[in-house]
Amino acid sequence: MAMAIAKKVAKSEASDSRPGLPEDEWEEVLLRLPHRRFLIHCSTVCKRWKLRIGNPNFSRRYVQFHNHHRPLHHPYSILSTLRPYTHKQVAEIVSKKFKNLRKPSLPSSSSSSSSSSSSSSSSSYVLDSLPSTAKIMATCRDVLLLSLGKNRYAIFNPLTRKILRLPYTPAFVEIYRDADRSCGLVCEVNDDAELSYKVVVIIKILTQVGEDRVLEGVIFCSESLEWKRLNWQVPPGAPFFQMSNLTSGNGVLYSLLHGNHEGYDRVTGIGIFNLSLDVRLDGNGIERKRCSFLKLPGNFGDGWKRSRTKVSYGLVKGKLRLSQLVKVNQTWELRIWAGNSAAEEMTWDMINCQNLRFEPAGNSNLLVAGFDPSDGEVVFILCNNEIHKYKFAQPSSKRVAKLSGPHLSQNSIDQYMAFVEPFVIEYPPWPSPISEVTEV
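Residues numbered from 1 in each chain as written. Predicted model: local features only at pLDDT ≥ 70, side-chain atom pairs only at ≥ 80, totals over all residues. Heavy atoms only, no water.

Trainee: Break down the overall build of the chain for me, with residues and values.
Mentor: For the chain, the helix and strand inventory stands at eight helices and 28 strands. Out of the 440 residues in the chain, the part that is buried amounts to 50%. When contacts within the chain are restricted to residue pairs at least 6 apart in sequence, long-range pairs at least 24 apart make up 55% of them. Element-wise, carbon and sulfur atoms account for 49% of the exposed surface of the chain, whose accessible area totals about 20900 Å². (Helix = DSSP H or I, 4+ residues; strand = E, 2+ residues; numbered from the N terminus. Buried < 20%, exposed > 50% of the residue type's maximum accessible area, 1.4 Å probe, protein only. Contact = heavy atoms within 4.5 Å. Areas by Shrake-Rupley, 256 points an atom, 1.4 Å probe, with all protein chains shown as cover.)

Have a look at this one:
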């Protein structure tokens with residue numbers, strides 16, 4: 001709405017010599033444009049607009065306005081890759097808002113009200129902008145954490161294509177491969193349009209330190225601009241066998257825990273790494289925090305129902321989600337739980353349970369390939385070599401992406417299902433600014 005008003009009044013301003021809106025009312029209109037890219041286009045209307053939009057005070061007001069009037073749905077893209085080949089695309093889901101954002105001067109190419117659609121080609125907007133050989137390790141907001149080698153990381157904004165290479169990690173991290181590390185990224189932009197961030201690297205090998213089980217790791221903060229040792233004490237008896245990469249929500253990092261049991265790669269629960277918890281020093285003077293373990297819901301079932309190919313997790317509006325998709329009596333049943341943090345310890349609430357209305361061809365499996373980051377009524381389901389957007393309310397499904405890549409064939413999709421790695425990238429109105437940058 002604000003964009004339509006701005007275009008209409010701008011045309012009037014350019015063609016009419018009569019007085020336009022008062023300056024303060026103009027600013028209120030511009031403040032409500034949904035993204036900075038639209039501001040850039042508006043700055044070309046006239047010199048007065050260019051000076052106003054380029055004023056640092058206006059930039060601060062714009063960030064403050066959108067920090068306190070958050071939209072219900074940010075533009076987003078979900079990049080599906082295969083572990084450990086997170087630099088090679090297999091599918092990309094792009095929301096309609098993000099397609100419009102990439103070409104803000106053009107009208108939408110589709111009149112459909114669907115909030116997502118498939119990429120128009122096999123290329124990826126995100127991967128095509130990455131430095132060569134870079135691997136995606138984690139995402140937060142519109143910022144990617146990249147691995148550039150054994151002991152080098154960078155943060156990268158694919159929309160602005162700005163990159164900041166971090167200092168080399170401590171020497172002990174170098175001996176571990178990317179596959180032996182879980183990485184996480186937490187970041188936010190304050191009202192002064194300044195980015196603060198924390199990069200966490202955890203070695204996925206339990207170490208016994210006295211009577212405690214510990215995961216070793218390091219952390220890099222934008223405030224200190226240096227790497228520090230940071231170990232995590234694991235709760236007694238918690239099954240921290242294997243960890244997925246870390247997903248961030250509201251300053252907390254989550255990891256899906258799994259391990260081989262009775263022939264299945266079975267999910268055991270969720271590891272929770274809260275960066276806001278107090279730090280204590282261990283006997284060697286190394287900082288240590290306590291992580292926590294969230295069991296699977298009591299009605300989750302056991303055995304093959306916990307198989308890695310049946311279970312997925314993600315975040316919706318920063319809140320934890322867990323899914324289980326199994327075939328019962330020839331019918332595919334989808335269950336969704338939401339993490340409930342109202343109590344002192346997080347619990348699970350089942351929020352959806354229904355039979356799917358579509359079936360894969362032959363004996364192919366289904367997998368939840370991702371969650372819509374802002375709509376709890378939508379999930380994305382991998383079926384054969386296609387990803388479908390599934391709405392609970394209708395219920396209905398629509399194909400939004402197709403898997404392709406050097407490691408995939410029609411006959412090999414099922415065996416790769418456990419390795420699909422979704423990276424969610426949300427694009428707030430003001431892109432996360434990365435300072436001290438070099439252009440990609």
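Here the narrative resumes, following the displayed structure.
Trainee: I'd like a description of the sheet that holds strand E24 (residues 378-383), backed by residues and values.
Mentor: Spatial ordering of the open sheet is given by E23-E24-E25-E26, a layout of four strands whose pairing is antiparallel. With partners counted over all chains shown, the strands left at the sheet margins are strand E23 (366-371) and strand E26 (396-402), one partner each. On average, adjacent strands in this sheet sit at an angle of 35° to one another, irrespective of strand direction. Inspection of the sheet shows E24 paired to strand E25 (residues 386-391) by six bridges, in the antiparallel sense. Of the residues in E25, the one forming a bridge with valine 378 is lysine 391. (Pairing = 2+ DSSP bridges. Axes fitted to C-alpha atoms, helices over the stretch in contact; angles between N-to-C directions.)

Trainee: How would you explain unusual backbone geometry if you had to name every residue and give the values?
Mentor: Positioned with a positive phi, arginine 141 is a non-glycine residue whose angle comes to about 55°. With respect to the element layout, arginine 141 can be found in the loop between strand E4 (135-140) and strand E5 (143-149).

Trainee: Hey, could you go over the environment of leucine 315 for me, with residue numbers and the actual values?
Mentor: Mapped onto the elements of the fold, leucine 315 is located in strand E19 (residues 311-316). On the basis of relative accessible area, leucine 315 is assigned to the buried category, the value being 14%. Beyond its immediate stretch of four places on either side in the chain, leucine 315 contacts Thr247, Ser248, Gly249, Tyr254, Leu320, Phe371, Asp372 and Pro373.

Trainee: So what's going on with the packing of aromatic side chains? Which residues, and what values?
Mentor: The full count for this structure, using the stated rule, is 10 aromatic pairs. Arranged with centres 6.2 Å apart and planes meeting at 55°, the rings of tyrosine 153 and tryptophan 227 form a pair that is tilted. Within this pair, whereas tyrosine 153 is found in strand E6 (residues 152-157), its partner tryptophan 227 is found in strand E11 (residues 227-234), the two being separated by 74 residues in sequence. Across the pair, exposure class does not vary: tyrosine 153 and tryptophan 227 are buried alike. An aromatic cluster of three or more residues is present, and its members are Tyr153, Tyr197, Phe220 and Trp227. Above the ring of tyrosine 168, the side-chain terminus of arginine 152 is found at 4.5 Å from the ring centroid. Across the ring face of phenylalanine 172, the terminal group of arginine 229 is positioned such that the distance to the ring centre comes to 4.0 Å. (Phe/Tyr/Trp six-rings, centres within 6.5 Å; stacked < 30°, edge-to-face > 60°. Lys NZ or Arg CZ within 6 Å of the ring centre and 35° of its normal.)

Trainee: Describe the nonpolar core, naming the residues involved and giving the relevant values.
Mentor: Ranked by internal contacts, the top residues of the largest apolar core, which has 40 residues, are Leu145, Ile155, Leu185, Tyr197 and Val199. Looking at this core, the element that brings in the most residues is strand E9 (residues 195-209), giving five residues. When we break this core down by domain, the ones giving at least three residues each are domain 1 (25-71) and domain 2 (76-97 + 126-426). (Core = buried A, V, L, I, M, F, W, Y, C linked by side-chain atoms within 4.5 Å. Domains from an automatic or database assignment.)

Trainee: Describe helix H5 (residues 56-68), listing the residues and the values that go with them.
Mentor: If you check H5, its first and last C-alpha atoms are 19 Å apart, about what 13 residues at 1.5 Å a residue would give, namely 18 Å. Along H5, the positions that sit buried rather than exposed are Phe58, Ser59, Tyr62, Val63, Phe65, His66 and Asn67. The distance from a side-chain oxygen at the start of H5 to the backbone nitrogen of asparagine 57 is 2.8 Å, and the residue carrying that oxygen is asparagine 55. (Expected span 1.5 Å × (residues − 1). Polar contact = N/O pair within 3.5 Å; in protein donor to acceptor, adjacent residues only side chain to side chain.)

Trainee: Requested: an account of the pairing of strand E20 (residues 319-328), with residues and values cited.
Mentor: Counted residue by residue, E20 has seven buried out of 10 residues, so it is predominantly covered. Summarising the sheet, E19 and E20 pair through six bridges and their orientation is antiparallel. The residue bridging valine 316 from the neighbouring strand is lysine 319, located in E20. Hairpin connection from E19 to E20: two residues lie between these consecutive antiparallel strands, with lysine 317 at a positive phi of about 55°. Here E20 pairs with strand E21 (residues 331-340) via eight bridges, running antiparallel. Directly across from leucine 325, in E21, lies its bridge partner leucine 334. If you look at the hairpin formed by E20 and E21, you'll find two residues sitting between the two strands, and asparagine 329 has a positive phi there, around 55°.

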